[in-house]
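The chain contents come next:
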Amino acid sequence: MAGVELRQLRYFVAVAEELNFGRAAARLLIAGPSLSQQIKALERDLGVRLFDRDRRSVSLTPAGADLLPHSRALLERADDLRGRARRLSGSQPVRLGYVNWLPADLTRRTAAVAQVHVDAWVAPSHTQAARVADGSLDLAVCWVRNEDLKRHGLRARLLGADRLYAVARSTDTGEPSTATAAPAVSVGDTDVLIDDDVTSWASWNAYAEELTRATGARAVRISDGAVTGPAFFDHVRRCSRPVLNSPKGQTTLLPPDLVRREVVAPKVYWTWSVVRRESEERAGVLGVVDALCDGVGADGLGIHAPDAWLPADDPHALPR
């Protein structure tokens, strides 16, 4: 019993409520295999089987049904403890900046820890990291390198990752413009846009330049800020090869004449970190970081897979 963690109890409750590992994993923002492993570890620690599982259904065992209300009570007490600690600390709202992505359930995950004020100024990663360093923000969700952390006196925790894909003309593939029809493309056969505007695109440019050196992808220099947006699609139409899509364009609907292509050999990832000052001691700020990042693992995001690529200076990359 000594090895049981609150995180594992949250996983148990989620699976018990969903009675479906896939839905529970999506709700918890972790990979299905990781969730299954954590449940098995919890069953080993408790010495009982919590679920009966087959290919078509999941059900609580009698032991699981008996332990479920006790697990909920423990989690409620833990959340209450965090809330009491926050109130006692007299913490001010935590100021959080971001680039273009935040977890959809950010408020739910942080409500028991602190009041989070999401800053209205959406800015590039390097700008948001600098704002945390100078005290304009308490936290930021952004992309950083180890050299950025050292220069600004920051620390980073992994929050998420985007697997980047390429965009190509549908006529180049001979297939209709659907996400599943176009064949995969090796990263070495893609173009990567690098913009002259370092004020807006410093982080992307640093990432893209290392990617082209490491993988053989071709750098295409532009000066119109079209790393994303409608003008990006015009570059795709002009390029003779698929063009890697930046993190800002990951969810943009493609025009009908363009198609999404999976990038392989290697798979290319962009990480999102929660960054804070090294000197930060306020319980509310540290609690928000834990609430957002606890349970987020590199294995579940795929960034440590043998066929994955991250920049060498990414704080979440494996040593090379």
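All figures in this text were calculated on a predicted structure; none of them were measured in a lab. (Residues numbered from 1 in each chain as written. Predicted model: local features only at pLDDT ≥ 70, side-chain atom pairs only at ≥ 80, totals over all residues. Heavy atoms only, no water.)

**A look at the confidence of the model for the protein chain**
Okay, so step 1: When pLDDT is averaged along the protein chain, the result is 90, and 93% of the positions lie at 70 or above.
Okay, so step 2: When mean pLDDT is compared element by element in the protein chain, strand β5 (residues 139-142) scores highest at 98, while helix α4 (residues 62-89) scores lowest at 82.
Okay, so step 3: Here residues 175-180 is a poorly scored stretch, pLDDT under 50, and it has 13 contacts once near neighbours within four places are set aside; other chains count. (pLDDT = per-residue confidence, 0-100. Helix = DSSP H or I, 4+ residues; strand = E, 2+ residues; numbered from the N terminus. Contact = heavy atoms within 4.5 Å.)

**Quick look at the environment of Gly225**
Okay, so step 1: Tracing the chain through its elements places Gly225 in the loop between β10 (218-222) and α9 (230-238).
Okay, so step 2: Residues Gly225 and Gln8, 217 residues apart in the sequence, show an inter-C-alpha distance of 45 Å.
Okay, so step 3: Those residues in contact with Gly225, other than ones at most four positions away along the chain, are Asp195 and Trp201.

**Quick look at empty space enclosed by the protein**
Gaps left between atoms are located by rolling a probe of water-molecule size over the structure's atoms.
Okay, so step 1: Inspection of every chain in the model, using the stated rule, returns one cavity of 30 Å³ or more.
Okay, so step 2: By volume, the largest cavity is sized at about 50 Å³.
Okay, so step 3: Taken together, Thr228, Gly229, Phe232, Phe233, Asn245, Gly249, Thr252 and Leu254 form the lining of the largest cavity.
Okay, so step 4: Residues that form the lining of the largest cavity fall into these classes: three nonpolar, five polar and no charged. (1 Å grid on protein atoms, 1.4 Å probe; cavity = no way out; pocket = protein on both sides within 12 Å on 5 of 7 lines; lining within 4 Å. Points joined across faces, edges and corners; volume = space filled by probe spheres on them. Nonpolar A, V, L, I, M, F, W, Y, C, P; charged D, E, K, R; others polar.)

**Here we look at the pattern of salt bridges**
Okay, so step 1: Across all of its chains, the model carries 29 salt bridges by this definition.
Okay, so step 2: Where Arg237 meets Asp257, a salt bridge forms, and the shortest distance between an N and an O atom there is 2.7 Å. With Arg237 in helix α9 and Asp257 in the loop between β11 (243-244) and β12 (258-261), the pair connects residues that are 20 residues apart, well separated along the chain.
Okay, so step 3: Note on Arg237: relative accessible area 30%, which makes it partly exposed.
Okay, so step 4: Within this structure, Glu17, Glu18, Arg23, Arg27 and Arg72 form a network of salt bridges that share partners. (Salt bridge = Lys/Arg side-chain N within 4 Å of Asp/Glu carboxyl O. Buried < 20%, exposed > 50% of the residue type's maximum accessible area, 1.4 Å probe, protein only.)

**A short note on the layout of surface pockets**
Okay, so step 1: In this structure, the largest pocket occupies an estimated 860 Å³ of space.
Okay, so step 2: Lining the largest pocket are 28 residues; nearest its centre among them are Arg10, Asp79, Arg108, Arg109 and Ala291.
Okay, so step 3: Elements that contribute at least two residues to the lining of the largest pocket include exactly α1 (6-18), α2 (21-28), α4, α5 (106-110) and α10 (283-293).
Okay, so step 4: In terms of residue count, the dominant contributor to the lining of the largest pocket is α1 (seven residues).
Okay, so step 5: When grouped by side-chain class, the residues that make up the lining of the largest pocket number 13 nonpolar, two polar and 13 charged.

**Looking at the packing of aromatic side chains**
Okay, so step 1: Applying the stated criterion to the full structure yields eleven aromatic pairs.
Okay, so step 2: Arranged with centres 5.6 Å apart and planes meeting at 25°, the rings of Trp204 and Tyr207 form a pair that is stacked. One end of the pair, Trp204, and the other, Tyr207, are both in helix α8 (residues 198-215), three residues apart, so they sit about a helical turn from each other. Of the two residues examined, Trp204 and Tyr207, each falls in the buried class.
Okay, so step 3: Look at Phe232 and Phe233: their rings are 5.7 Å apart centre to centre, the planes differ by 65°, and that puts the pair in the edge-to-face class. Both residues of the pair, Phe232 and Phe233, belong to the buried class.
Okay, so step 4: Aromatic rings pair up to connect Trp101, Trp143, Trp204, Tyr207, Trp270, Trp272 and Trp309 into one cluster.
Okay, so step 5: Positioned above the aromatic ring of Tyr165, the side-chain terminus of Arg260 is 3.8 Å from the ring centre. (Phe/Tyr/Trp six-rings, centres within 6.5 Å; stacked < 30°, edge-to-face > 60°. Lys NZ or Arg CZ within 6 Å of the ring centre and 35° of its normal.)

**Structural notes on the pairing of strand β3 (residues 94-98)**
Okay, so step 1: The sheet contact formed by β3 and strand β4 (residues 116-118) spans three bridges and is parallel. Bridge pairing in β4 places Val94 opposite Val116.
Okay, so step 2: Note: β3 against β5, three bridges, orientation parallel. Paired with Gly97 across the two strands is Ala140, which belongs to β5. (Pairing = 2+ DSSP bridges.)

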